[in-house]
Every structure is written in C-alpha cells, then in structure tokens.
Amino acid sequence: MASGQKNYKQFMQGSMVALITPMDAAGKLDKKSLKALVDYHVASGTSAIISVGTTGESATLSHDEHAEVVLATLEYADGRIPIIAGTGANATAEAISLTKQFENTGVVACLTVAPYYNRPSQEGMYQHFKAIAENTDLPQILYNVPARTGSDLLPETVGRLAKLANIVSIKEATGNLSRVSQIKELVDEDFILLSGDDASTLDFIQLGGKGVISVTSNVAAAEMVKMCDLALAGKYTEARELNKRLMGLHHQLFVEPNPTPAKWGCRRLGLIADDSLRLPMIPLTASGQHKVEEALRLAGLL
C-alpha cells in the first residue's frame, strides 16, 4: 500500500485548495510565487494542495511542465502540507501514465477528472477509472464536473467505482446537492464526498460531505478553513455568517473563465507577482476586475 493511502482520511476534509499555477509574463512557471503560495496555505491551515487541476491550468501545460509544477509544489511543501496531483485525461493510457509519474514521490493522492470531450458512456467511465486504479496504489479522487467535461459521472457509477480499494473519494462539482444523499446511499461510510462548488459547500457539508476542493481558498485560505471547520463541527450558524462574507468570491471568481479571476485576485492581494495566463485564456477584463475587487472587499480581504 502506498504511503499516502494509509493516512488520506486525515487530510481529505475541510478546505483543500485547487491551486493556481503562477506564471511570469513570458508564460513560464514562476517558482518564487509558487513557493509563496505554498507557504501561504501552510500558514493558513489549508488541509491539502491540489496541484495542476483545472484551476492549475492543466489544459495548457505540457506533460513535462505538468510534472515540473507538481514536483516543485511537493518540494516547497517539504512535508508541511499534503500534495495531491491532478492526473486526469480523456485517454485512459495518458491518465495512467500521469498517475504513475507521481508514485513514490511523496504525492499522497491523485485527482482524476472524468474523461472530457469524447463523452464516454457510464460503462466507459467505469472501465476508465477502474483501469487507472488497477495500475497504481495511490488513492484516487474521482472528479465529476459535467459543465467542463460534457459527461456526468452518475451516482450509480460512483457506487460501483467506490468498491475498488484505492478509489476513496469524489469531488462532486455539479452544484446539485441531491447528489450527496444519492451517492451516500451507494457507498460505504469510509468513502469521502468533497464539494467542487464553493457556493454550495456549506450545505454540502451539512448534508454529510467532508469538505471542499476550493477555488475561493486561493484568495481566502484562512477564511475557507474556518468556515469548513465550523461546519464540520456542526456550528452552522457561525459558519453561515462567515460564508455570507465569502459568497461574493464564490460567485465572482467565476465571472470569467477559471482561473482568470482567481489569478487576478491573488496578484491583487500580493500573493503572486504576475497574473499571466496562456492562450486561449486571456486577462481579466476591467469589468471583471471591478467585480472581483468588490468581492475581496466584502470578504474583508482588502
């Protein structure tokens, strides 16, 4: 059993960040800013960092860059915070290859998005995730985000996959809260449900989820940690008061395609040196900047 599989329950809860990948004006990885972000999340109490997921711009990084970012994040973490690698792909062989790169590196788990663009059937998705799981000991977090992939990993398929030993969790990003009870009916108590939608995370936890893989945490790490901790402790009234302050961020960080607003927000707060992206992603518009700035102010971050 991989070392990460022994203790995954300790960190797959609360606020986990879907970390941006900072780049300089030339589009190269900004390692100094990446280290600063890792330090920020360690200091804020973030439960884990997800490196090179959707928010980490996996779609525009080469395979070599993908590995470079994950391994640099792991180096800067230096054992202070768990690192989960995004390893999804729409070709099963590619996803297996990405996953195997991170075995025996210190990465504690993998986040694997449902295959995108080719829109496989439920059986196709089952066989895809099954093949990945059979080729690694690293704990696997399923990632369902139909708005991006064009395919919806249905609860019945999740239930089948949860029977495989190292498929231990799902990031459910539909925003459909009925999915919590639907999935919980089909999986063992140990299977971990994580929200992939910041705006509905509090309700998701109240219904039985264990936390969130968060975009908002990029700019409000300590606040997301506190909100999730309050919710997990059953202190829903206090959690709701805090969440009201964050609701503008939950929405405005998606006012333009992710991670554009999150990167701009990180630069505005001085967390990174530059908010550069790679085409076809473009900088945040003036209108978007105004909306994100206002949300940062309402959250008490400016």
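Looking up the chain in an unreviewed UniProt entry gives the name 4-hydroxy-tetrahydrodipicolinate synthase, with the organism given as Moellerella wisconsensis ATCC 35017. The annotation that UniProt attaches to the chain under Subunit (unreviewed entry) is "Homotetramer; dimer of dimers." If you open the UniProt record of the chain and go to Pathway (unreviewed entry), you find "Amino-acid biosynthesis; L-lysine biosynthesis via DAP pathway; (S)-tetrahydrodipicolinate from L-aspartate: step 3/4."

## Re the nonpolar core
Residues Ile49, Phe102, Val219, Leu246 and Leu249 are the most contacted members of the largest nonpolar core, which totals 53 residues. Looking at this core, the elements with two or more residues in it are α3 (31–44), α4 (63–77), β3 (83–86), α10 (201–206), α11 (221–232), α12 (236–252), α13 (260–268) and α14 (286–298). Ranked by the residues each element gives to this core, the list is headed by α4, at seven residues. Excluding anything up to four places from it in sequence, Phe102 contacts His66, Ala67, Val70, Leu71, Ala85, Thr87, Val107 and Leu138.

## Comments concerning the pairing of strand β6 (residues 167–172)
Of all six residues in β6, six are buried, a share of seventy percent or more. As judged from the five bridges shared by strand β5 (residues 140–144) and β6, these two strands associate in the parallel manner. Residue pairing for β6: Ile141 is matched across the bridge by Ser169. Bridge count between β6 and strand β7 (residues 192–195): four bridges; the pairing is parallel. Paired with Lys171 across the bridge in β7 is Leu194. For the segment spanning β6, helix α9 (residues 178–184) and β7, crossover handedness is right-handed.

Quick notes on the rules
Residues numbered from 1 in each chain as written. Predicted model: local features only at pLDDT ≥ 70, side-chain atom pairs only at ≥ 80, totals over all residues. Heavy atoms only, no water. UniProt positions renumbered as here; feature names shortened; annotations may be inferred. Core = buried A, V, L, I, M, F, W, Y, C linked by side-chain atoms within 4.5 Å. Buried < 20%, exposed > 50% of the residue type's maximum accessible area, 1.4 Å probe, protein only. Helix = DSSP H or I, 4+ residues; strand = E, 2+ residues; numbered from the N terminus. Contact = heavy atoms within 4.5 Å. Pairing = 2+ DSSP bridges. Right-handed = clockwise from strand over helix to strand, strands pointing away.

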